[in-house]
Amino acid sequence: MELEEKSKFGEPRKYDPSFKGPLHNRGCTDIVCCILFILAILGYIAVGILAWSQGDPRKVIYPTDSRGQFCGHAGTPLEKKPLLFYFNIMKCASPMVLLEFQCPTTQMCVEKCPDKFMTLIKAYTNKKDFEYYKQFCQEGVTNSMGIPEILRLRLCPAMLTPSRPFTRRCFPALGQKGSVITVGNHTHFEDGNGNTLNAKDLVDGVKNATVVIEARQVVMKIFEDYTQSWYWILLGLVIAMVTSLLFIILLRFLAGIMVWIMIVLVIAVIGYGIFHCYMEYAALKGEPGADVTLQDLGFQTDFAVYLQIRQTWLAFMIILAILEVIIILLLIFLRKRVLIAIALIKEASRAIGHVMSSLFYPLFTFLLLSMVIAYWAVTAVFLSTSNEPVYKVFNETDCEHSRKTCNPANFSTSPMKYLCPDSECLFAFYGGETVYHKYLIGLQFYNVFLFFWCANFVTALGQMTLAGAFASYYWAFVKPDDMPAFPVFSALGRSLRYHTGTLAFGAFILSVVQIIRVLLEYLDHKLKGAKNKFATFLMCCLKCCFWCLEKCIKFLNRNAYIMVAIYGKNFCTSARDAFFLLMRNMIRVAVLDKVTDFLLFLGKLLIVGLVGVFAFFFFSGRVKAFEDTAPHLHYYWVPILTVVIGSYLIAHGFFSVYAMCVDTLFLCFCEDLERNDGSAERPYYMSSTLHEILWKNEAEEPTSSSAQQQDNEDL
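- The name given to the protein in an unreviewed UniProt entry is Choline transporter-like protein, with the source organism recorded as Xyrichtys novacula.
- What the UniProt record of the protein gives under Sequence similarities (unreviewed entry) is the line "Belongs to the CTL (choline transporter-like) family."
- On record in UniProt, under Function (unreviewed entry), the comment for the protein is "Choline transporter."

## Focus on the pattern of salt bridges
Item 1. Overall, the coordinates contain nine salt bridges when judged by the stated rule.
Item 2. Of the charged contacts in the structure, one is a salt bridge between Arg517 and Glu550, with a shortest N-O distance of 2.5 Å. On the criterion of sequence distance, the pair formed by Arg517 in helix H18 (residues 500-527) and Glu550 in helix H19 (residues 533-567) is long-range, its members being 33 residues apart.
Item 3. Accessibility expressed as a relative area gives 25% for Arg517, which makes it partly exposed.
Item 4. Judged by its relative accessible area of 6%, Glu550 falls in the buried class.
Item 5. Taking the shortest distance from any N to any O, the salt bridge between Asp577 and Lys569 comes out at 4.0 Å.
Item 6. When its relative accessible area of 14% is taken as the criterion, Asp577 is described as buried.
Item 7. One network of salt bridges, in which partners are shared, links Arg517, Glu550 and Lys554.

## Digging into the pairing of strand S6 (residues 169-172)
Item 1. Residues of S6 alternate between two faces, with Arg169 and Phe171 on one and Cys170 and Pro172 on the opposite face, all of them buried.
Item 2. Judged from the four bridges that link them, strand S5 (residues 163-166) and S6 form a sheet pairing that is antiparallel. Bridge pairing in S6 links Arg164 to Phe171.

## Side note on a nonpolar patch on the surface
Item 1. There is a patch of nonpolar side chains on the surface, built from Ile31, Val32, Ile35, Leu36, Ile38, Leu39, Leu42, Ile45, Ile49, Trp52 and Val378 and spanning about 1,000 Å² of accessible area.
Item 2. The biggest single contributor to the nonpolar patch is helix H2 (residues 31-54), with ten residues.
Item 3. If you trace the backbone, Ile38 turns up in helix H2.
Item 4. Ile38 sits in the partly exposed class, given a relative accessible area of 45%.

## Section: the environment of Leu265
Item 1. Summarising the element assignment, Leu265 is placed in helix H9 (residues 255-283).
Item 2. Sequence-wise, Leu265 and Ile607 are 342 residues apart; in three dimensions their C-alpha atoms are separated by 9.9 Å.

Quick notes on the rules
- Residues numbered from 1 in each chain as written.
- Predicted model: local features only at pLDDT ≥ 70, side-chain atom pairs only at ≥ 80, totals over all residues.
- Heavy atoms only, no water.
- UniProt positions renumbered as here; feature names shortened; annotations may be inferred.
- Salt bridge = Lys/Arg side-chain N within 4 Å of Asp/Glu carboxyl O.
- Helix = DSSP H or I, 4+ residues; strand = E, 2+ residues; numbered from the N terminus.
- Buried < 20%, exposed > 50% of the residue type's maximum accessible area, 1.4 Å probe, protein only.
- Pairing = 2+ DSSP bridges.
- Patch = residues over 30% accessible without salt bridge, like charges linked within 9 Å, V, L, I, M, F, W, Y side chains within 5 Å.
- Areas by Shrake-Rupley, 256 points an atom, 1.4 Å probe, with all protein chains shown as cover.

Structure representation (structure tokens):
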């Protein structure tokens, strides 16, 4: 029965006296994929150059006036005018603002916001007041011009209201006395046309204008937080890197002790998290507004508000408690397997001890990934800002040319202005109708896909390089005498020289699945408003299936790269051989390999937890010793989240060395068992310790297998 099962997954490896580990005489594999990958990279460079020549990041950073000029940009006439002023903020109360993202009123750059009430009629009668008023008028206004002419040409606003700068824009300085809305401590004001208006009439205009810029406002605040805390974030990432490296080095010499310390500390850190959440939850008892539910609160741009609600801390406490229980239960039920997995990690530590340079290889991978991410981010910003300014007709009365495209240079003499005397040609948004702009979305898609492809290629290169280095260790009969002088550099050279196409092929398959997942997330976001239960269910199933598919492809790719590093065959052949080899050793894979991955995951969790707790107390100002040192931020969770995510990526990079070492040794062990029998003629290449470790598990399997066979016979 066992032979039949094995035959389904290919024939076991035969003894080959000439086989001494990774083959040196090999040829190039998957050449077509290599050529396509090089062409794709050249196309990616061309897209980047095109984006950099067309894009302008200033469109994201600076507000834009009605002429499409940037307020406050250095080296321009508006350098000393960083604020955007609305002639009539109440026109922003129009529902069209939320659809077109533009207020139908003249907007201009000013040096400072108005700080007092004033109408054009009153200011015109006083020379000093009129000089002040002209700061908020367009060029060309003179004392000889009459008020009707100024208003007809829309050179000045009809009135000024006290305003404050907010996200580089002048908004009315609204206040509140009891339940009464005020502006500049006044409840009423004149609009410059002889009408007296209530201060609350300004609220709708400010509200709609705020909705238009709310996303940019949050982004700008986050950007400011990064500028204030980037060096502390960098220090936190350096601490994570040093901690990870120190942990890996200690794991090399004290594997057994360090694993148990790691397990205890992970449980302790999560336990402290539960305790801290409970203390915060208890401290908010009886506080005004603390019992509001998250559903009632809704979405808030100031995320610190959520930390003032008891339900938030209760949710954190429940999540951490569930995680704690899961980890403890897994450790209890897998305690015997954990002991064997610890022994396997000890053997991996010996391998890393002979290939010490592998510990620093993640730094090279991190550098390459940083370059890929930076290139993608810069290209994405330039592509998104490579549109041209589009001007449209805005008017107060009915007009057949309303919202049509116009040219501000000759609009005053155009037929549209003649037919619609009260209309204006204002900057609307950035767009374009050229061939380049029509295919801009395609270029953005290409940018995202090439980002995934290049990032997966870099990751695959690291996996194949480490696999080649550790395979050289395993198949060296006399260690380390039979190993290459520089195993990591030798493996890296072989991977790039012979298997660039194979790496590109595997990375391409994975990238296709990842881009499909991105598209599914986009569609899911679009379909949320439809409230179609069947569509929601179908989308959920698709997302789950492609998530599982991505995990399976990553697992197969990883083992395929190990086989490529050893035998030098193409991707499909190596993937098939790796799959069949794993299926012939399915029990070992499930029991040992995955338990080892679980222990290494706990190591990552420990480093992230330690660095994350330190970052929380530092940036939140909870420790008095750091109150003066910590930067003052809008959202202190921004650097904390950045440090936590960065720490996980760094820890993952260092622990991936151990994970790759364990996977390579495991696959080589399975090959060794099939090729050799331990006799003098066909000795095992594995160490006696490794043989004892992995055969401990085999001693338990015959008992369960024979019991299962007896049950089948009874049936």
